[in-house]
Amino acid sequence: EAGVTQFPSHSVIEKGQTVTLRCDPISGHDNLYWYRRVMGKEIKFLLHFVKESKQDESGMPNNRFLAERTGGTYSTLKVQPAELEDSGVYFCASSQVGLRTFFGQGTRLTVV
Amino acid sequence: AQRVTQPEKLLSVFKGAPVELKCNYSYSGSPELFWYVQYSRQRLQLLLRHISRESIKGFTADLNKGETSFHLKKPFAQEEDSAMYYCALEVGGIQGAQKLVFGQGTRLTINP
């Protein structure tokens, strides 16, 4: 069974550019989450989808971040324009209702 | 406010020695706590959750509501236990969702 898959695994972009991260959850998982770990800090919640609906986006840092989950399958997280402080590892996770959460391998984003 | 504290960023013990990774939490509701582990070059994965009261890979963790702690213990450490360990608290719970608040993580190194 395929796990949660994230693309790309690494991305290096210049300040001011746009980057789009993608997450393919486990098939059948309605819950999809984005988390982020900034260097030296804890993993922090960004937002939560239930199917295609944003259930909780209280962790999104600012309006430079836009997450979508069209059709309730894969999700994208776009950062536009990227700033230096956006560097970190972005994790996607998915779960079925009431069951354990599975994490992707993460996308390491470096903004230079 | 909900918060998870792991006081040790680094912990190093010898193979065969007991190991304890500390975790304290702050939460006004009924806590659901987890330990996640990330081995080198692998994704974040669930190690154990307090509600299941199980032992995984020789690790156990007991929820102590009086001390607001959920320390992870293993009586005899093995080299393969070297990894990054995260304590996490589930909050929110909208529609069965698992929104997690993570501690900063403890990097455990088992020396031969």
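Just above sits the structure.
Positions within a chain are numbered from 1, following the residues in the order the chain's sequence is written. For this description, chains carry letters from A and ligands carry numbers from 1, given in the order in which they are written. Local features in this predicted model are restricted to residues of pLDDT 70 or higher, and side-chain atom pairs are both shown and tallied only at a pLDDT of 80 or more, whereas totals for entire chains, interfaces and linings draw on every residue. For the side-chain quantities, the full set of heavy atoms in the structure was used; hydrogens and water were omitted.

> Can you lay out the packing of aromatic side chains for me, pointing to particular residues and giving the numbers?
Here a Phe, Tyr or Trp ring, Trp counted by its six-membered ring, pairs with any other such ring whose centre lies within 6.5 Å, and the pair is stacked when the planes are under 30 degrees apart, edge-to-face when over 60, and tilted otherwise. Tallied over the entire structure, the rule returns eleven aromatic pairs over all chains. Ring plane angle 75° and centroid distance 6.1 Å describe the contact between Phe103 of chain A and Phe102 of chain B, whose orientation is recorded as edge-to-face. Taken together, the residues span two chains, with Phe103 of chain A in strand E10 (residues 101-103) and Phe102 of chain B in strand E10 (residues 99-102). To sit over a ring, a charge needs its Lys NZ or Arg CZ within 6 Å of the ring centre and within 35 degrees of the ring normal. Over the face of the ring belonging to Tyr74 of chain A we find Arg22 of chain A, whose NZ or CZ atom lies 3.8 Å from the ring centre. A helix here means a DSSP run of H or I that spans at least four residues, while a strand means a run of E at least two residues long, and both kinds are numbered starting from the N terminus.

> I'd like a description of the sheet that holds strand E1 (residues 5-7) of chain A, backed by residues and values.
Residue and element names in this part refer to chain A. On the basis of which strands lie adjacent, the open sheet formed by four strands has the order E1-E3-E8-E7 and antiparallel pairing. Two strands lie at the open edges of the sheet, namely E1 and strand E7 (65-68), each paired on one side alone. Across the sheet, the axes of successive neighbouring strands diverge by a mean angle of 15°, strand direction being ignored. As paired elements, E7 and strand E8 (residues 75-79) share four bridges and run antiparallel to each other. When the sheet's bridge partners are listed, Leu66 is paired in E8 with Lys78. In short, DSSP must find at least two bridges between two strands for them to pair. Only C-alpha atoms enter the line fits that serve as axes; for helices the fit covers just the stretch in contact. Angles between N-to-C directions range over 0 to 180 degrees.

> Explain the interface of chain A and chain B residue by residue, including any values.
Many descriptions give the size of an interface as the accessible area lost when the pieces come together. In this analysis, two residues are considered to be in contact whenever any of their non-hydrogen atoms come within 4.5 Å of each other. Taken residue by residue, the interface counts 25 residues in chain A and 17 residues in chain B. Taking both partners together, chain A and chain B bury about 1800 Å²; carbon and sulfur atoms supply 50% of that area. Accessible surface is computed with a 1.4 Å probe, and the buried area is the amount of it that two parts give up when combined, taken over both parts together. Among the residues of chain A in contact with chain B, Ile43, Arg100 and Phe103 of chain A are the three that bury the most area, contributing 29% of the side total. A pair is scored as a salt bridge if a Lys or Arg side-chain nitrogen falls within 4 Å of a carboxyl oxygen belonging to Asp or Glu. Inspection of the chain A/chain B interface yields one salt bridge. Between Asp56 of chain A and Lys99 of chain B there is a salt bridge; the shortest N-O distance is 3.2 Å. Here a polar contact is taken to be a pair of N or O atoms separated by no more than 3.5 Å, where protein atoms must pair a possible hydrogen donor with a possible acceptor and residues adjacent in sequence count only if both atoms sit in side chains. For the pair chain A and chain B, the interface holds seven residue pairs in polar contact (both at pLDDT 80 or more). Classification used: nonpolar for Ala, Val, Leu, Ile, Met, Phe, Trp, Tyr, Cys and Pro, charged for Asp, Glu, Lys and Arg, polar for all others including Gly. Residues belonging to the side of chain A that touches chain B are distributed by class as follows: ten nonpolar, ten polar and five charged.

> I'd love a proper account of the environment of Pro81 of chain A, names of residues and values included.
Tracing the sequence through the fold places Pro81 of chain A in the loop between E8 and strand E9 (88-95). As a C-alpha pair, Pro81 of chain A and Gly16 of chain A span 65 residues in sequence and 4.6 Å in three-dimensional space.

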